[in-house]
Amino acid sequence: AGRIVPAMPAAGAVPDGEGTITVFLADDVRELRELIRVGLEEDADFEVVGEAADGRGAIEGVDLHAPHAVVLDLSMPDVDGFQAVLEIRSRRPEVAILVLSGFAADRMRKRVMEQGADGYIEKGTSMAQLRDLIRRAVAERRGASDHSAV
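Residues numbered from 1 in each chain as written. Predicted model: local features only at pLDDT ≥ 70, side-chain atom pairs only at ≥ 80, totals over all residues. Heavy atoms only, no water.

Asks: Got a minute to help me understand empty space enclosed by the protein in this structure?
Replies: With a probe scaled to a water molecule rolled over the atoms, the places where space remains empty come into view. All told, the structure shown has 1 cavity of 30 Å³ or more when counted by the stated rule. The space that makes up the largest cavity amounts to roughly 40 Å³. If you go around the largest cavity, the residues you meet are Leu 25, Ala 26, Asp 27, Arg 33, Ile 36, Val 71, Leu 72, Asp 73 and Leu 100. Listing elements by their share of the lining of the largest cavity, those giving two or more residues are strand 2 (21–26), helix 1 (30–41) and strand 4 (69–72). Taken together, the residues of the lining of the largest cavity break down into 6 nonpolar, no polar and 3 charged. (1 Å grid on protein atoms, 1.4 Å probe; cavity = no way out; pocket = protein on both sides within 12 Å on 5 of 7 lines; lining within 4 Å. Points joined across faces, edges and corners; volume = space filled by probe spheres on them. Helix = DSSP H or I, 4+ residues; strand = E, 2+ residues; numbered from the N terminus. Nonpolar A, V, L, I, M, F, W, Y, C, P; charged D, E, K, R; others polar.)

Here it is as structure tokens:
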């Protein structure tokens, strides 16, 4: 089973688009997760609410924490990022999914987007760009869920 690394509790969902953006991180490299956490949380708009080292942990962690966004790697043990994207999208349609990978975008972007990801980011992208992409994906996902509300 996947191992979820607990984090501080989320400040709560922010359905009106204001406040902290909660993020769940999934990558099998602990040091990379730590760097992303620090880079995101340099900005007061972001709070990392949990982490996982594999796809199963990502699926379970997103179910548990209900973040606004998940940033996950494609190449992870147990359940890979492709399967995690499918599972998270089917379980949590309101969550923005951003795939962060070392694979060149031209090779993988189309496939992950077809599976339900909201964005594809190559490793090495600046933290400012990553934060902007997360903000955009969360805003678009919130807009989509606002329009589908009855």
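Asks: I tried to follow the side chain of His 68 on my own but got confused; where do I start?
Replies: Counting through the fold element by element, His 68 comes out in the loop between helix 2 (55–65) and strand 4. Residue class for His 68 comes out buried when judged on its relative accessible area of 10%. A distance of 2.8 Å separates the side chain of His 68 from the backbone nitrogen of Thr 22, its partner in a polar contact. (Buried < 20%, exposed > 50% of the residue type's maximum accessible area, 1.4 Å probe, protein only. Polar contact = N/O pair within 3.5 Å; in protein donor to acceptor, adjacent residues only side chain to side chain.)

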